[in-house]
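Report on the structure
Take a look at the letters that make up each chain.
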Amino acid sequence: MRITDIISRDQMSLSFEVFPPKKETSYESVKTATEEIAELKPAFMSVTYGAGGGTSEYTLSIAKNLKDKYNVPMLAHLTCVSSDKDTISKKIKDLKDNGITNIMALRGDLTPELEKSDRSRWDYHHAVELIRELKDKGDFCIGAACYPEVHPESSCQRDDIKYLKEKVDAGVDFLTTQMIFDNNLFFNFMYKIREAGINVPVLPGIMPITNGNQVERAIKLSGAFMPQRFKAMVDKFGSNPAAMKQAGIAYATDQIIDLYANGITNVHVYSMNKPDIAKGIYDNLSDILWKSF
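Below or above, wherever it landed, is the structure these notes cover. Within any chain, residue numbers begin from 1 and follow the written order of that chain's sequence. Per-residue local features of the predicted model are confined to residues with pLDDT of at least 70, and side-chain atom pairs are confined, for both listing and counting, to 80 or more; whole-chain, interface and lining totals are unaffected and use all residues. Note that water and hydrogens are dropped before the side-chain values are worked out from all heavy atoms of the structure.

Turning next to helix α4 (residues 85-97). Compared with the 18 Å implied by 1.5 Å per residue over 13 residues, the 18 Å span of α4 between its first and last C-alpha is a close match. The set of residues buried in α4 consists of I88, I92 and L95. The buried residues of α4 occupy an angular sector of 65 degrees when the element is viewed end-on, so they sit on one face. The exposed set on the far side of α4, more than 90 degrees from its buried face, consists of D86, K90, K93 and D97. G99 sits one or two positions beyond α4 and adopts a positive phi of about 75 degrees. What counts as a helix is a DSSP run of H or I of at least four residues, what counts as a strand is a run of E of at least two, and both are numbered from the N terminus. Expected helix span is taken as 1.5 Å per residue step, with the number of steps being one fewer than the number of residues. Exposed residues in this analysis have more than 50% of their type's maximum accessible area, buried residues have under 20%, and partly exposed residues fall in between, with area computed by a 1.4 Å probe over protein chains only. In this context, the arc is that of the directions from the helix axis out to the C-beta atoms.

What follows covers the state of the cysteines. A covalent bond between the sulfur atoms of two cysteines is what we call a disulfide. Note that a disulfide, as used here, is simply two cysteine sulfur atoms within 2.5 Å. Tallied over the entire structure, the rule returns zero disulfides. In this structure C141 is not part of a disulfide, and its nearest cysteine sulfur, from C146, lies 15 Å away. Taking relative accessible area as the criterion, C141 reaches 0% and is therefore assigned buried. Note on C146: relative accessible area 1%, which makes it buried.

Should a side-chain nitrogen of Lys or Arg be within 4 Å of a carboxyl oxygen of Asp or Glu, the pair is scored as a salt bridge. According to the stated counting rule, one finds 14 salt bridges in the structure shown. D94 is paired through a salt bridge with K90; the nearest N and O atoms lie 2.9 Å apart. Note that D94 and K90 are positioned in helix α4 at a spacing of four residues, about one turn of the helix. Relative accessible area serves as the criterion here: at 24%, D94 is assigned to the partly exposed category. Owing to a relative accessible area of 52%, K90 belongs among the exposed residues under this scheme. Close ionic contact of E166 with R132 constitutes a salt bridge, the shortest N to O distance being 3.4 Å. Of this pair, E166 sits in helix α7 (residues 157-170) while R132 sits in helix α6 (residues 127-137); the two residues are 34 residues apart in sequence, bridging distant segments of the chain.

Now the structure itself:
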């Protein structure tokens, strides 16, 4: 099923993102964790690709297992950074042959090694190049990333939105935001991109922070703004693992409820392969999900 068909329904839904193992030795534990999340029957699940494509060999395996075993619609990430045309063509064919028709088209993060490499020899420099190729090679439902707080490599939000529109015009069917901790930033971003003529569906991305040590990493990964009430929560409960877990689930749930209450029907959760966190949020929304109001 196409992601656009799922999110066009007049009902509230929740989707989860998981990531493949970095090593073969941890494959079974990751597979078990992703299956436990799939048992919640989310609207769909996405499987990441890994910086520089480092875990790409497991992305398809995890996605196919969840699709075949649990009949959960799958969104497979595909990054093009440092890849050549032949490699990407093979990846696209493998996804198509295994029944994966929803693809999150990304440039991919630049690892320290990639930043030092000679980029003039790369076949791909931006996600828009991968999007155009996907559009040419099959009937894929294509997703792309967006940054309510401006991409770290953009000089200003105006330029960021200009490049985002270029991706949408190239064939993107929906967008998913980088993690947000302040919903007002998302609502302001939505106003700006609609004014710019970007009219595809946008799923806000929510990251449950359930461990005080996650905060620094989250800021490093996304540069996301942390509102004062979030900082106060971490300061108060960060040193108590059980309390921080409960508070983090509650904070993420509160964000999701606020989004639903303000007309957003589809929310994407970066669940970090943690079934207990995913279930905690899901249980908090049990009488809200899958209903029309």
